[in-house]
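Analysis of the macromolecular model
Given next are the chains, with one letter for each unit.
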Amino acid sequence: MIKVLVIYYSFSGQTRGLAQRLAVGLAESGASVVRAPIRPQVPHRFPIGSIPATVRKMLVTCFRQRVAIEPPPPDWRDDWDCIVLGGPTWSYNPSGPVLSLIDQYGEELFAGHTVLPLISCRGYWRAHWFGLRRLLRKVGAQVPTCIVFSHPVAEPWRTLGVFLKLAGRFPERSLQGRYPRYGHSRNQLAEAHRFGVMLGETLAAGGRIADLDFRTPIALP
Ligand SMILES: Cc1cc2nc3c(=O)[nH]c(=O)nc-3n(C[C@H](O)[C@H](O)[C@H](O)COP(=O)(O)O)c2cc1C
């Protein structure tokens, strides 16, 4: 049986939703799936709550500030066919908890494994993807491609909306209909589920993950 570990960190619930739908799709394809949330030592509360605190968070995350995490439980160390590593983009970088996981446990968890990053972002993911791939390869992982989902709202409302949401405001109201909702759509969650089935079936058939098409107009509108 194909075995997949789905590790993820999620601050505002978006990566968690995608990772869960992906895991359900994988399980429906016949794979055995373990869901593995990364837990910060001090739990983060969403929203951040004020404009100055949000600006501060954006600044420190530019410099890839690490966030202390709980040690991964023993059942994360196994002989996986694939490890999905999910997390949000923070100021064009991987999030602090994902960076800490790779710094502290990257070699023991990922060396010799195929790792498939799952990125949730408002729209700017390329620097995150390139940086994450470099870090994962440095600890000995094979990184065939990545799955990216961006928020399906037009700019500049998407950027403004995310900032206001993080600061604890209500952009759905204050941006007067130009920002329908924060985060990923139902269609995108259904797409994550479809990606899970596709990934599981490909692994079971001995196919190449690098050949899968995850860059669809639903995932990246
Ligand atoms: C501190 C911070 C910085 C962010 N920086 C970016 C960014 O550079 N590019 C981007 O596309 N999204 C950025 N975002 C938005 C998140 O990536 C996006 O809302 C994502 O869906 C959140 O996923 P999560 O709920 O799993 O944490 C940022 C969010 C936070 C909290």
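A brief report on the enclosed structure follows. (Residues numbered from 1 in each chain as written. Predicted model: local features only at pLDDT ≥ 70, side-chain atom pairs only at ≥ 80, totals over all residues.)

1. A short note on the overall build of the protein
Summing up its helical and strand segments, the protein has 7 helices and 6 strands in all. Listed by position from the N terminus, the elements making up the protein come as β-α-β-α-β-β-α-β-α-β-α-α-α. For the protein, whose C-alpha radius of gyration is 17 Å, the value lies close to the compact-globule estimate of 17 Å for 221 residues. Per-residue burial for the protein yields a buried fraction of 40% across its 221 residues. (Helix = DSSP H or I, 4+ residues; strand = E, 2+ residues; numbered from the N terminus. Rg over C-alpha atoms; globule rule 2.2 N^0.38 Å. Buried ≥ 20, exposed ≤ 12 C-beta atoms within 10 Å, placed from the backbone.)

2. Structural notes on the site of the ligand
Every one of the 23 residues lining the ligand counts as a neighbour, but Ser10, Gln14, Thr15, Pro88 and Cys121 are closest to it. Elements that contribute at least two residues to the shell around the ligand include exactly helix H1 (14-28), helix H2 (51-62), strand E3 (82-90), strand E5 (115-121) and helix H5 (157-166). Within the shell around the ligand, the residues separate by chemical class into 10 nonpolar, 11 polar and 2 charged. (Near = placed C-beta within 6 Å. Nonpolar A, V, L, I, M, F, W, Y, C, P; charged D, E, K, R; others polar.)

3. Some words on the packing of H1 against helix H7 (residues 186-204)
Between H1 and H7, the shortest axis-to-axis distance is 7 Å and the interhelical angle comes to 40°. What the angle tells us is that H1 and H7 run oblique. Considering only the axes of H1 and H7, their crossing is right-handed. On the side of H1, the interface is formed by Gly17, Leu18, Arg21, Leu22, Ala23, Val24, Gly25, Leu26 and Glu28, while H7 contributes Leu189, Ala192, His193, Arg194, Phe195, Gly196, Val197, Leu199 and Gly200. Classifying every residue of the contact of H1 with H7 by side-chain character gives 10 nonpolar, 5 polar and 3 charged. (Axes fitted to C-alpha atoms, helices over the stretch in contact; angles between N-to-C directions. Parallel < 35°, antiparallel > 145°, perpendicular 65-115°, else oblique. Left-handed = near helix turned anticlockwise from the far one by under 90°. Contact = placed C-beta atoms within 7 Å.)

4. Some points on the nonpolar core
Core analysis: the biggest nonpolar cluster contains 48 residues, and Val4, Val6, Ile7, Leu22, Ile83, Val84 and Leu118 have the highest contact counts within it. It is helix H3 (residues 96-110) that contributes the most residues to this core, 6 residues altogether. (Core = buried A, V, L, I, M, F, W, Y, C linked by C-beta atoms within 7 Å.)

5. A closer look at the pairing of E3
In terms of residue burial, E3 counts as a mostly covered element, since 9 of its 9 residues are buried. In the sheet, E3 pairs with E5 via 6 bridges, with the strands oriented parallel. Bridged to Gly87 within E5 is Ile119. Relative to strand E4 (residues 93-94), E3 runs antiparallel, the two sharing 2 bridges. Considered in E4, the bridge of Thr89 is made with Pro94. Two successive antiparallel strands, E3 and E4, enclose a turn made up of 2 residues, where Ser91 displays a positive phi of approximately 45°. (Pairing = 2+ DSSP bridges.)

6. Some words on the pairing of E5
As a general feature of sheets, a regular strand has side chains that alternate between the two faces. Of all 7 residues in E5, 7 are buried; the element is thus mostly enclosed. Taken together, E5, helix H4 (residues 126-138) and strand E6 (residues 147-150) form a β-α-β motif whose crossover is right-handed. (Right-handed = clockwise from strand over helix to strand, strands pointing away.)

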